[in-house]
Amino acid sequence: MIRRMPGISFITRLIRRLLSVRSTRGVSFTLSFLAVVSKPLGYIRMLITAWAFGTSPGMDSFHMANSIISLFAMSIGSAFQSALLPEIVRVRHETGGDACSRSITALASCVVLPLVALFCAAIAIAPGVIVKFFASGFDPERIRVGAIMLWWLAPLAIVTMCKPIADIWAVFNERYTLSSLCSLSFNLVAIPSLLIAMPLAGVYSVAISTSAAQIVIFITMCAALGGVPLIWKRSELPIASLVRITKNTLYVLVIVAGGAMMMMVDRYFASRLPSGSVTAVSYGAILIGMITIVADTPMTFLLSKLSSAAADGGEESKRLLDGTLAIVMAYFMPASILAAAAARPIVSLLYGWGNFDALSIDMTVEAFSAYCIGVAFALSANVLARYAQAFQKLGVIVVLSYVLIGTNALLDWLMITRWGILGLAFATSMTQIMSFLLYYLFACGGGFVSFLTRTRFLHQISLTLACAAATASCVSLGTAAHLGVALLAALFYMVVAERFNLMPCVPEHWRPRKLASFLVESAKSYFMPI
């Protein structure tokens, strides 16, 4: 009889525990835990890329091509995910069965495939025209390289558009953590493939490795689910649901594309700045993603909860909304503002190696620090958009999102001439603050001042700015000391905020002490024998 190796047995046990989580707080912690676990390998991949290519023209081309993929492929995939999930939850709630939900998911899969073919055909036929349209400031060489990057990123586009269907099926079957668990394999594939391709393909290796890793994730997830429904029965398709899905997909596509368009507008104007500016803006955005990644996947879980609450009545969903917004403001606002205060040591430590020279560091610091200002407001606006979606109130949000894109473009144009990258990123943060205000007013029907009063927002922001000022004043102490002060300032904020009740709307079990205790106990439970 063959005995299992202790290491394999432990990993199997850990995966089973991670997949079995169901509670709101437990799922949120687990998803955040998985996101944090993936960061070291993600950092190694970023370090290799920055060390090898810095902010070179080739990296400008890659980031522009990757942004184009995000704008179209990710927008379509996310739109289907956000439109389908509430509907299949609603259908299950109304019918008490899974047959209709399975047919709806299968039909959506069949609709996505022609869109994939159409998008890939556009990339194959006119990649240079596409790059030129979105990067009018690029010279001919960067446009040529960008076109080739689009070809290498075509597999990424295919998987990106198809994977949300698998994500929906996983959430629908209450396997909330499966997608994040499979995503852990991204860097396990991306790093070796990057190192192998680098001597052969140069800067194109970044695109090659990204596509390869995303393909592996998709295959792994489909295998874990045992497949995704692809055959639908016309008799089991509720017509009202199809109408709502079509309408919501169009609405959400416009909203999601609006979010991607916001960054595309920044890159469009950055292409008019000196070479390396697009890459610096992109690296700044990647660092922002390191702050917000712990919230990205739980947003899908939140949409599921909001949809269920909306089906049962509005009171529970309003309570869930208030609590979620309070959590975002209480934790992400101080985290992002303190990160801005410590932007230089963060960028220097994470990127400042090899070909990532002093000028690259300066440009990335400007982008990252200015982007940090809008992080909490952008996340809050995302929550409000999902709340509006759960209550079928997306029309106004769609209009507002494109008014805000126009506002961002105008502010970019006004500020980029005088302040360059710093002005460009700050303009985006100003737009995100406006989006939070407008989304709240229209999604909740007013009461914004009351919300600020209830959450003691002014007290929170005052304490945050005081801690950030103390952190920024320590820039001359060196990288390690500066980062140490930032961490101490974050700890000080949490202690004072809880001691003087500056988080009154944060649910009791999400307060700093209880949350810390829960995190410690949850982490221990993963390593205890079953």
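Bear in mind that the values here come from a model prediction, so they are computed numbers and not experimental data. (Residues numbered from 1 in each chain as written. Predicted model: local features only at pLDDT ≥ 70, side-chain atom pairs only at ≥ 80, totals over all residues. Heavy atoms only, no water.)

### Here's the deal with the overall build of the protein chain
Okay, step 1: On a plain count of helices and strands, the protein chain comes out with 21 helices and 0 strands.
Okay, step 2: A fraction of 83% describes how many contacts in the protein chain between residues 6 or more apart in sequence connect residues 24 or more apart.
Okay, step 3: Counting only carbon and sulfur atoms, one obtains 70% of the accessible surface of the protein chain, whose full area is about 22600 Å². (Helix = DSSP H or I, 4+ residues; strand = E, 2+ residues; numbered from the N terminus. Contact = heavy atoms within 4.5 Å. Areas by Shrake-Rupley, 256 points an atom, 1.4 Å probe, with all protein chains shown as cover.)

### Re the packing of aromatic side chains
Okay, step 1: All chains considered together, the criterion is met by 12 aromatic pairs.
Okay, step 2: Considering the side-chain rings of Phe 436 and Tyr 440, the 6.5 Å spacing of their centres and the 65° angle between planes classify their relative orientation as edge-to-face. Residue Phe 436 and its partner Tyr 440 are located together in helix α17 (residues 394-444), separated by 4 residues, close to a single helical turn. Like Phe 436, the residue Tyr 440 is buried in the burial classification.
Okay, step 3: Of the aromatic side chains, those joined through ring pairs into one cluster are Phe 377, Phe 436, Tyr 440, Phe 448, Phe 451 and Phe 457.
Okay, step 4: Arg 499 extends its terminal NZ or CZ atom over the ring of Phe 500, reaching a point 5.3 Å from the ring centre. (Phe/Tyr/Trp six-rings, centres within 6.5 Å; stacked < 30°, edge-to-face > 60°. Buried < 20%, exposed > 50% of the residue type's maximum accessible area, 1.4 Å probe, protein only. Lys NZ or Arg CZ within 6 Å of the ring centre and 35° of its normal.)

### Some details on the packing of helix α19 (residues 457-472) against helix α20 (residues 479-499)
Okay, step 1: Where α19 meets α20, the closest approach of the two axes is 9 Å, and the angle between their N-to-C directions is 160°. As summarised for this structure, α19 and α20 are arranged roughly antiparallel, according to the angle between their axes. You can see that α19 and α20 cross each other, and the crossing is right-handed. Judged by residue contacts, Gln 460, Leu 463, Thr 464, Cys 467, Ala 470, Thr 471 and Ala 472 of α19 engage His 482, Val 485, Ala 486, Ala 489, Phe 492, Tyr 493, Val 496 and Ala 497 from α20.
Okay, step 2: Here the residues of the contact of α19 with α20 sort into 11 nonpolar, 4 polar and no charged. (Axes fitted to C-alpha atoms, helices over the stretch in contact; angles between N-to-C directions. Parallel < 35°, antiparallel > 145°, perpendicular 65-115°, else oblique. Left-handed = near helix turned anticlockwise from the far one by under 90°. Nonpolar A, V, L, I, M, F, W, Y, C, P; charged D, E, K, R; others polar.)

### Some details on the confidence of the model for the protein chain
Okay, step 1: With 72% of its residues at a pLDDT of 70 or more, the protein chain has an overall mean of 79.
Okay, step 2: Contacts of residues 1-8 to residues separated by more than four positions or lying in other chains number 1 contact, the stretch itself having pLDDT below 50. (pLDDT = per-residue confidence, 0-100.)

### Some remarks on the nonpolar core
Side chains of nonpolar character tend, in soluble globular proteins, to be buried together.
Okay, step 1: Ile 69 and Phe 368 are the most contacted members of the largest nonpolar core, which has 124 residues in total.
Okay, step 2: At 14 residues, the largest contribution of residues to this core is made by helix α13 (residues 314-341).
Okay, step 3: Phe 368 has contacts with Gly 284, Leu 287, Ile 288, Ile 291, Ala 339, Ala 343, Ile 346 and Val 347, leaving out every residue within four places of it along the chain.
Okay, step 4: Listed in part, the 9 residues of the second largest apolar core include Ala 166, Ala 170, Phe 186 and Leu 225. (Core = buried A, V, L, I, M, F, W, Y, C linked by side-chain atoms within 4.5 Å.)

### What to know about a nonpolar patch on the surface
Okay, step 1: On the surface, Val 396, Leu 437, Leu 441 and Phe 442 cluster together to form a nonpolar patch covering roughly 310 Å² of accessible area.
Okay, step 2: Relative to the helices and strands, Phe 442 is located in helix α17.
Okay, step 3: The exposure class assigned to Phe 442 is partly exposed, which follows from its relative accessible area of 44%. (Patch = residues over 30% accessible without salt bridge, like charges linked within 9 Å, V, L, I, M, F, W, Y side chains within 5 Å. Salt bridge = Lys/Arg side-chain N within 4 Å of Asp/Glu carboxyl O.)

### Concerning the environment of Val 375
Okay, step 1: Secondary-structure assignment places Val 375 in helix α16 (residues 375-390).
Okay, step 2: The sequence separation of Val 375 and Ile 433 amounts to 58 residues, and the corresponding C-alpha distance is 8.9 Å.

### Things to note about the packing of helix α9 (residues 185-201) against helix α10 (residues 205-225)
Okay, step 1: Their axes nearest at 8 Å, the elements α9 and α10 cross at an angle of 150°. As summarised for this structure, α9 and α10 are arranged roughly antiparallel, according to the angle between their axes. By crossing handedness, the relation of α9 to α10 is classed as right-handed. Across the interface between the two elements, Ser 185, Phe 186, Val 189, Ala 190, Ser 193, Leu 194, Ala 197, Met 198 and Ala 201 from α9 touch Ser 205, Val 206, Ile 208, Ser 209, Thr 210, Ala 212, Ala 213, Gln 214, Val 216 and Ile 217 from α10.
Okay, step 2: When grouped by side-chain class, the residues that make up the contact of α9 with α10 number 13 nonpolar, 6 polar and no charged.

### Some remarks on helix α18 (residues 448-455)
Okay, step 1: Those residues of α18 that sit buried are Phe 448, Phe 451 and Thr 455. Buried positions in α18, seen along its axis, are confined to an arc of 55° and lie on one side of it. Opposite the packed face of α18, turned more than 90 degrees from it, sit the exposed residues Val 449 and Thr 453.
Okay, step 2: Taken from the residues just after α18, Arg 456 is the one with a positive phi, measuring 55°. (Arc of directions from axis to C-beta.)

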